[in-house]
Amino acid sequence: MKVLYEKHSSESTPAFFYEGRQLFHLHLRGAEMSATFHTDFKSRVRLTENQGIDWRLRDEIRKRTWAGFAFQSSKDLGPFMELVKAKYQIIGEEAGGKPREERPIAF
């Protein structure tokens, strides 16, 4: 995890990385919470083909290399974290020969 700062508002933004690649970052404004999910072309194709991920999330990431998700309640986090977990696994597979981190993903 790294703390990034938004260019326009100078607000701190927690960002989560794995193997040097950004998974997502959070936007926390008062009671509102949202996340921006990041992907590249190759992993985006694999994620959109993964039937285990909610179709609405797959549809969002199909459009571009980033997608914003707003969380109204804790129930919204489950499908989003499935998307994050799938990208985490893709990065781990691509890293292949490198020693993998043996840490669980925090939910």
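Please refer to the structure placed before this passage.
Description of the structure in this document. (Residues numbered from 1 in each chain as written. Predicted model: local features only at pLDDT ≥ 70, side-chain atom pairs only at ≥ 80, totals over all residues. Heavy atoms only, no water.)

1. Section: the packing of helix 1 (residues 41-49) against helix 2 (residues 55-63)
Two measures define how a pair of helices packs: the angle their axes make with one another and the distance between the axes.
Okay, step 1: Two elements in contact, helix 1 and helix 2, have axes whose closest approach is 9 Å; the angle formed by their N-to-C orientations is 155°. The angle between helix 1 and helix 2 places the two elements in the roughly antiparallel class. The handedness of the crossing between helix 1 and helix 2 is left-handed. On helix 2, the residues that touch Arg44, Leu47 and Thr48 of helix 1 are Arg58, Ile61 and Arg62.
Okay, step 2: Residues that form the contact of helix 1 with helix 2 fall into these classes: two nonpolar, one polar and three charged. (Axes fitted to C-alpha atoms, helices over the stretch in contact; angles between N-to-C directions. Helix = DSSP H or I, 4+ residues; strand = E, 2+ residues; numbered from the N terminus. Parallel < 35°, antiparallel > 145°, perpendicular 65-115°, else oblique. Left-handed = near helix turned anticlockwise from the far one by under 90°. Contact = heavy atoms within 4.5 Å. Nonpolar A, V, L, I, M, F, W, Y, C, P; charged D, E, K, R; others polar.)

2. A short note on a nonpolar patch on the surface
Okay, step 1: Together, Met1, Val3 and Tyr5 make up a nonpolar patch on the protein surface, roughly 380 Å² of accessible area in all.
Okay, step 2: Within the secondary structure, Met1 sits in the segment before strand 1 (2-5).
Okay, step 3: Classification of Met1 as exposed rests on a relative accessible area of 64%. (Patch = residues over 30% accessible without salt bridge, like charges linked within 9 Å, V, L, I, M, F, W, Y side chains within 5 Å. Areas by Shrake-Rupley, 256 points an atom, 1.4 Å probe, with all protein chains shown as cover. Salt bridge = Lys/Arg side-chain N within 4 Å of Asp/Glu carboxyl O. Buried < 20%, exposed > 50% of the residue type's maximum accessible area, 1.4 Å probe, protein only.)

3. As for the side chain of Ser43
Okay, step 1: Summarising the element assignment, Ser43 is placed in helix 1.
Okay, step 2: In this structure Ser43 comes out as buried when scored by relative accessible area, which is 0%.
Okay, step 3: Only 2.6 Å separates the side chain of Ser43 from the side chain of Thr39, close enough to count as a polar contact.
Okay, step 4: Every residue in contact with Ser43, bar those within four places of it in the chain, is listed here: Arg21, Lys87 and Ile90. (Polar contact = N/O pair within 3.5 Å; in protein donor to acceptor, adjacent residues only side chain to side chain.)

4. Some thoughts on the pairing of strand 4 (residues 32-38)
Okay, step 1: Bridge analysis of strand 3 (residues 21-29) against strand 4 gives six bridges, and the strand direction is antiparallel. Of the residues in strand 4, the one forming a bridge with His25 is Thr36.
Okay, step 2: Here strand 3 folds back onto strand 4, and the loop between the two strands holds two residues, one of which, Gly30, carries a positive phi near 60°.
Okay, step 3: Bridge count for strand 4 against strand 5 (residues 66-71) is six bridges, and the pairing is antiparallel. Looking at strand 5, one finds that Ala35 is bridged to Phe69. (Pairing = 2+ DSSP bridges.)

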